[in-house]
Amino acid sequence: MQFFSSDFKLGILGGGQLGKMMLYETRKWDIQTKVMDASPEAPCKIACNEFVQGSLMDFDTVYAFGKDVDVLTIEIENVNVDALEKLEHEGKTVYPPTKTLKTIQNKAVQKLFYTDHGIPTAPFTRFAYTSEIEDSINNGGLSFPFVWKSAQFGYDGQGVKVVRKMENLKELPNVECIAEKMIDFKNELAVVVARNSKGEVKTYPVVEMEFHPEANQVEYVICPARIDDAVAKKAQEVALKVSEHMKHVGLLAVEMFQTKDDQILVNESAPRPHNSGHYSIEAAYTNQFEQHIRAILGLPLGKTDSKVAGIMVNLVGAEGHTGDVVYENIEEILEMDGVTPHIYGKKQTRPFRKMGHVTIVDENMARAREVAQQVKETIKVISK
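Residues numbered from 1 in each chain as written. Predicted model: local features only at pLDDT ≥ 70, side-chain atom pairs only at ≥ 80, totals over all residues. Heavy atoms only, no water.

A. Region of the structure containing helix 12 (residues 365-378). Taking 1.5 Å per residue, 14 residues should reach 20 Å; helix 12 reaches 20 Å between its end C-alpha atoms and fits that length. Listed as buried for helix 12 are Met-365, Ala-368, Arg-369, Val-371, Ala-372, Val-375 and Thr-378. Capping the start of helix 12 is the job of one residue whose side-chain oxygen sits 2.9 Å from the backbone nitrogen of Ala-366: Asn-364. (Helix = DSSP H or I, 4+ residues; strand = E, 2+ residues; numbered from the N terminus. Expected span 1.5 Å × (residues − 1). Buried < 20%, exposed > 50% of the residue type's maximum accessible area, 1.4 Å probe, protein only. Polar contact = N/O pair within 3.5 Å; in protein donor to acceptor, adjacent residues only side chain to side chain.)

B. Here's a closer look at the side chain of Lys-111. On the secondary structure map, Lys-111 appears in helix 5 (residues 107-116). At 2.7 Å, the side chain of Lys-111 forms a polar contact with the side chain of Glu-180.

C. Representation of the pattern of salt bridges in the model. In this structure the tally under the stated criterion is 24 salt bridges. Residue Glu-50 is joined to Lys-9 by a salt bridge in which the shortest nitrogen-to-oxygen separation is 3.5 Å. Within this pair, whereas Glu-50 is found in strand 3 (residues 50-53), its partner Lys-9 is found in strand 1 (residues 9-13), the two being separated by 41 residues in sequence. Classification of Glu-50 as partly exposed rests on a relative accessible area of 33%. Measuring nitrogen to oxygen at the nearest pair gives 3.1 Å for the salt bridge that ties Asp-68 to Lys-9. Of this pair, Asp-68 sits in the loop between helix 2 (59-67) and strand 4 (71-74) while Lys-9 sits in strand 1, placing them 59 residues apart in sequence. (Salt bridge = Lys/Arg side-chain N within 4 Å of Asp/Glu carboxyl O.)

D. Just unusual backbone geometry, in detail. With omega at -15 degrees, the peptide bond leading from Phe-144 into Pro-145 counts as cis. Residue position: Pro-145 is located in the loop between helix 6 (132-138) and strand 7 (146-150). Residue Pro-224 follows Cys-223 across a cis peptide bond; omega there is 0 degrees. In this structure, Pro-224 sits in the loop between strand 13 (218-223) and helix 8 (229-246). At Asp-30, a residue that is not glycine, the phi angle is positive and equals roughly 55 degrees. With respect to the helices and strands, the residue Asp-30 is situated in the loop between helix 1 (17-28) and strand 2 (32-37).

E. Focus on helix 4 (residues 98-105). With six of its eight residues buried, helix 4 lies for the most part within the structure. Every buried residue of helix 4 is accounted for by Thr-98, Thr-100, Leu-101, Thr-103, Ile-104 and Gln-105.

F. Focus on the side chain of Thr-130. Mapped onto the secondary structure, Thr-130 falls in the loop between strand 6 (124-127) and helix 6. Residues within four places of Thr-130 in sequence aside, it is in contact with Trp-148, Leu-169, Leu-172, Pro-173, Asn-174, Val-175 and Cys-177. (Contact = heavy atoms within 4.5 Å.)

Printed below as a string of C-alpha cells:
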C-alpha cells in the first residue's frame, strides 16, 4: 500500500495533544489524516486533513468514522470498543487491536492480565462497587492505607485516590474499582515499547518520573533514568514481557515502580504515545510519535537511542486560574539553551489541566535537571 502523497487515509480517534503531535509526523510524510473528537476546539483540528466532531463513545459515530479510513488508531483509550471490534471483524485494520484495548481500558481487567501472565504487579482486590470496600475493611480483608482506582475512565490523576481512613471512602464515586496495596517505592519508571504489525519490537531507554505531591501528575520525566544498569535492564525485560503478551501494535507505555529492594512492579500500561515519551521529540533519534506511525503502518522501526539527556516538564494550569490562557514568562525560558516549549492549543486553562510541556536537552544530565528546575519556576500557565 502506498501511504505517502496518496489516497491512503489514516484515522485517529481523539483530537487532543497526542494526536496533534502525531500529526506533525503525518504532515512530515504527507500522509492523509482524518480525526474525530467531541470538542470543536480540539488541538488536532488545525493539523489534520479532515476533522469530524463526534462522540468517541457512540457506537454508530465511531463505526461510521472507521468505515471511511484505511487504518484506524487512537490517541485516547476511552473509545467505543464494540464499534472497533465490528470494524476489525469486517476486515478494517485497527491498531492497537481491540483485544489489547479491552484489556487496558478496564484497570481491574488489566491487573488480572498481569497476574495471569506472571508479570509482577502490586497486590490488589477487585470490587464491583466502591461501597463494598467498607465490608472488606470491617472483615479484615483490606487494611489502610491503600490506593483506590476506578476501573474505567481514569487518567492523569483522575480516578485514583490514596485511602487512609474510612472518611476518604465517602468522597469516592460508587463504581467498579480496585483497591491496591500501597507500594513503598524509591522510583517511578516507564518504558515505551514499539511493535510494528510485522512483529519487529524496540524499546526506548528507561525514564524516571518525578511527581507533583498534590496533583498526582508527573512534573518531570527524566531520560535516561538515574538508576543502576541492572535495574534498567530488568525494567526493559518486564516491559517487553508485557508487550509480548499484550500483542499490541503501535506503542505501549509501561509504567512501573522500582521498590526499595530493586524489584520492578508494573503499575499500568497505555497503548499509545504517552507523556513519558515526550522527551523523545528533541532528545531521541526517532521520536515516539513518528515511531507510532511507523509501527501501525508496518514500516521499519526507527532507532530509539537518545542523542542527549532529555528532561520533560509538564505545563499545567496554575491553581486559582480558570479561563483564557496566558503563558507567562515564555520568552524568558526561550532564552535558555536547549529549551523547547510545546503548546497544545487548548484555549482555556483550569487548575492542573495539561496545557503543554517543555523539553530540556543537554549533554550533561545534572545541568539539564538544573535548567528544568529553572523552567518550572519561571513559566506559569495563568488566565487573563
